Amino acid sequence: MKYKIAVIPGDGIGPEITTQAELVLARLGELFGHEFATTHVLAGGAAIDVFGEPLPDQTIEIAKESDAVLLGAVGGPKWDGMPGHLRPEAGLLKLRKSLNLYANLRPAILYDALKEACPLRADLVEGGLDILVMRELTGGIYFGEKGRREGPNGPEAYDVECYSEMEVERIARAAFEAARNRGRDKKVTSVDKNNVLESSRLWREVVIRVAAEYPDITLEHMFVDNAAMQLVRAPKQFDVILTSNIFGDILSDEASMVTGSIGMLPSASLSSAGMPGVYEPIHGSAPDIAGKDVANPIATILSLSMMMRHAFGLESEAATIDQAVKEVLEAGWRTGDIAKPGERTIGTKEMGRRIIDALKR
Ligand code: NAD
Ligand code: IPM
Ligand code: MN
């Protein structure tokens, strides 16, 4: 079968990690007899350099015609001085909005082999960790009214956090469905700041209403400041974390480190009707290590596994990728971010090659 995939390498380490993911894809296609037809398109700083804008129409069109989108990362110091709406990051936000990708799934799994890369005390993660952050992705403060104005004390700036009931309802439903289908603790922890924010009060009301449709799922509420603390105090208490765009952004970076490194966390950004999903690591373009062949490509490679599952329903192909990553980690291969001090490390390309060699049908 033929699958059309738009690839957006982006900036910084983006092209290095998507190259490895594409090699994995090619080998997976050979093994399972699929044609994964990739088309490279520009977004982020790479698109600004060529077209003067971070998300050209052509990129949106090609993404919409594809079955799925694989993205590296965007952004970097070269474009940091641009006005907000022309920055690389604005291109990523526009892509998410254009494809209506409101549900961002960020699984934080601590692999057995990486126990020692977890900075927490061993007993806190005994038996492993498997948390799913369900982050709302097309609303909240990222997309609310923003601007600058003259205030009583001089110039000021504002970003509005606004959620509609509809937006909360659909992401809540996605979280409850995920909790039901993951077959773990069947628990949703909804994270908000309802003691202060009106938008969080609406968030909590709607989540409680949706929860009534899921009597088999336990719902608990937690303030975001406490959640940030609980993630490092007792991370095993979490199953699905349901939260807003900005809280989810922050908590997922924190959760990633609990599993060893931000270089390990994949994501899927999904809509409910018709649009292709975007599959990308949760980390950024890591300008500090770009071009050095040291970035960990695993988050991007695991994003492909999420693509197999969510975009194509190819469960065996997804499991094949997951298993190959596991075997390579168990064999002791490490990029710098997941290595112990003094341990021998391998580069981006070698990590990619070892995962490809471990792919078996
Ligand atoms: P970052 O995630 O790029 O990097 C944070 C730290 O983690 C750095 O020390 C980096 O070297 C390390 N790191 C990240 N990915 C790694 C990997 N795969 N392997 C090993 N180490 C890795 O975040 P930042 O430094 O805050 O942002 C850098 C740029 O990336 C900014 O322009 C930001 O806007 C952008 N960004 C883009 C995305 C995206 O495209 N989805 C996400 C986050 C940040
Ligand atoms: C992420 C990133 C983006 C976000 C930025 C680059 C717009 O941090 O994907 O986590 O905040 O969503
Ligand atoms: Mn982020």
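For clarity, every value in this text was computed on a predicted model and none was experimentally measured. (Residues numbered from 1 in each chain as written. Chains lettered and ligands numbered in written order. Predicted model: local features only at pLDDT ≥ 70, side-chain atom pairs only at ≥ 80, totals over all residues.)

Participant: Looking at this model, I keep getting lost on the nonpolar core. Mind explaining?
Facilitator: The tendency in soluble globular proteins is for nonpolar side chains to be buried as a group. Counting 102 residues, the largest nonpolar core has L70, M134, A175, L242 and L304 as its most contacted members. Taken together, domain 1 (1-101 + 268-361) and domain 2 (119-258) each give at least three residues to this core, which thus spans both. Once you skip the residues sitting within four places of it in the chain, L304 turns out to touch A21, V24, L25, L70, Y279 and I321. (Core = buried A, V, L, I, M, F, W, Y, C linked by C-beta atoms within 7 Å. Buried ≥ 20, exposed ≤ 12 C-beta atoms within 10 Å, placed from the backbone. Domains from an automatic or database assignment. Contact = placed C-beta atoms within 7 Å.)

Participant: I would appreciate a short explanation of the sheet that holds strand 10 (residues 240-243) in the present structure.
Facilitator: Whether parallel or antiparallel, the strands of a sheet pair through hydrogen bonds between backbone atoms. Strands sit in the order 2-1-3-12-11-4-5-10-8-9 across an open sheet of 10 strands; the sheet is mixed. Two strands in the sheet have a free side with no partner beyond their single neighbour: strand 2 (35-40) and strand 9 (218-223). In this sheet, neighbouring strand axes are inclined to one another by 25° on average, regardless of whether the strands run parallel or antiparallel. Two elements, strand 5 (residues 129-136) and strand 10, share four bridges in a ladder whose sense is parallel. Within strand 10, the position partnered with M134 by the bridge is L242. Strand contacts of helix 1 (residues 14-32): strand 1 (2-10), strand 2 and strand 3 (68-73), with the helix running at about 145° to strand 3, the strand carrying the most contacts. (Pairing = 2+ DSSP bridges. Helix = DSSP H or I, 4+ residues; strand = E, 2+ residues; numbered from the N terminus. Axes fitted to C-alpha atoms, helices over the stretch in contact; angles between N-to-C directions.)

Participant: What's the story with the site of ligand 1 in this structure? I'm lost.
Facilitator: Around ligand 1 sit 20 residues in total, of which G75, G263, H283, G284 and N296 are the nearest. Grouping the constituent residues of the shell around ligand 1 by class yields nine nonpolar, seven polar and four charged. (Near = placed C-beta within 6 Å. Nonpolar A, V, L, I, M, F, W, Y, C, P; charged D, E, K, R; others polar.)

Participant: Would you explain the confidence of the model for the chain in this entry?
Facilitator: Detailed reading of predicted coordinates is not advised where the pLDDT is low. Per-chain confidence: the chain averages 98 in pLDDT, with 100% of residues scoring 70 or above. Both scores are given for the predicted complex: the pTM is 0.98, the ipTM 0.99. (pLDDT = per-residue confidence, 0-100.)

Participant: Looking at this structure, how should I read the domain arrangement of the chain?
Facilitator: Note on interface size: it is often stated as the accessible area lost on association of the parts. With domains assigned, the chain is organised as domain 1 (1-101 + 268-361) and domain 2 (119-258). On a C-alpha basis, the centres of domain 1 and domain 2 stand 24 Å from each other. At the interface, eight residues of domain 1 touch eight residues of domain 2. The biggest single contributor to the side of domain 1 that touches domain 2 is helix 4 (residues 88-98), with three residues. Taken together, the residues that form the side of domain 1 that touches domain 2 break down as three nonpolar, three polar and two charged.

Participant: Just to check I follow, could you spell out the site of ligand 2 for this structure?
Facilitator: In the region of ligand 2, the neighbouring residues are G75, E89, L92, L93, D249, I282 and G284. By residue number, the principal contributor to the shell around ligand 2 is helix 4, which donates three residues. For the shell around ligand 2, the class distribution of residues is three nonpolar, two polar and two charged.

Participant: What exactly am I supposed to notice about unusual backbone geometry here?
Facilitator: Among all residues save glycine, negative phi is the norm, and among peptide bonds the norm is trans. One non-glycine residue, K186, lies in positive phi territory at about 50°. With respect to the helices, strands and loops of the structure, K186 is situated in the loop between helix 5 (165-182) and strand 8 (187-192). When the 16 C-beta atoms within 10 Å are taken as the criterion, K186 is described as partly exposed. Its identity as a non-glycine residue notwithstanding, D293 has a phi of 60°, on the positive side. Following the sequence through the fold, D293 ends up in the loop between strand 12 (277-279) and helix 9 (298-310). With 15 C-beta atoms counted inside 10 Å, the residue D293 sits in the partly exposed group.

Participant: Hey, could you run me through helix 8 (residues 245-258) in this one?
Facilitator: Because an α-helix completes one turn every 3.6 residues, residues spaced three or four positions apart along the sequence face the same direction. For helix 8, spanning 14 residues, the distance from its first C-alpha to its last is 20 Å, which sits close to the expected 20 Å at 1.5 Å a residue. Turning to helix 8, its buried residues are N245, F247, G248, L251, S252, A255, S256 and V258. The arc enclosing the buried residues of helix 8, seen along the axis, measures out at 160°, which places them on a common side. In the core, the buried residues of helix 8 are packed alongside strand 4 (103-110), strand 5, strand 8, helix 7 (224-233) and strand 10. (Expected span 1.5 Å × (residues − 1). Arc of directions from axis to C-beta.)

Participant: Whenever I open this one, the UniProt feature "binding site: substrate" (unreviewed entry) in the chain confuses me. Can you help?
Facilitator: Within the UniProt annotation, "binding site: substrate" (unreviewed entry) is assigned to R96, R106, R135 and D225. Over a stretch of 130 residues, the named residues are scattered through the fold, their C-alpha atoms separated by up to 26.7 Å. Setting aside residues no more than four positions away along its own chain, R96 makes contact with L101, L137, T138, S269 and V278. Turning to its location among the elements, D225 is positioned in helix 7. (UniProt positions renumbered as here; feature names shortened; annotations may be inferred.)

Participant: Looking at this model, I keep getting lost on the packing of helix 1 against helix 11 (residues 348-358). Mind explaining?
Facilitator: Any two packed helices are characterised by the angle at which their axes cross and by the distance between the axes. Contact geometry for helix 1 and helix 11: axes closest at 10 Å, N-to-C directions at 15°. Taken as axis vectors, helix 1 and helix 11 run roughly parallel relative to one another. Crossing handedness for the pair helix 1 and helix 11: right-handed. Where helix 1 abuts helix 11, its residues E16, I17, Q20, L23, V24 and R27 lie against T348, K349, G352, I355 and I356. (Parallel < 35°, antiparallel > 145°, perpendicular 65-115°, else oblique. Left-handed = near helix turned anticlockwise from the far one by under 90°.)

Participant: Which parts of the structure should I look at to understand the pairing of strand 6 (residues 146-151)?
Facilitator: Successive side chains on a regular strand alternate, one facing one side of the sheet and the next facing the other. Little of strand 6 sits inside the fold, with zero of its six residues counted as buried. Bridge analysis of strand 6 against strand 7 (residues 154-159) gives six bridges, and the strand direction is antiparallel. Considered in strand 7, the bridge of E150 is made with P155. Counted between consecutive antiparallel strands, the loop separating strand 6 from strand 7 contains two residues.

Participant: Please explain the environment of M306 as it appears in this structure.
Facilitator: Along the chain, the position of M306 falls in helix 9. M306 sits 136 residues away from R170 along the chain, and the two C-alpha atoms are 20 Å apart. Sequence-distant contacts of M306, defined by excluding residues within four places in its chain, comprise P266, A268 and Y279.

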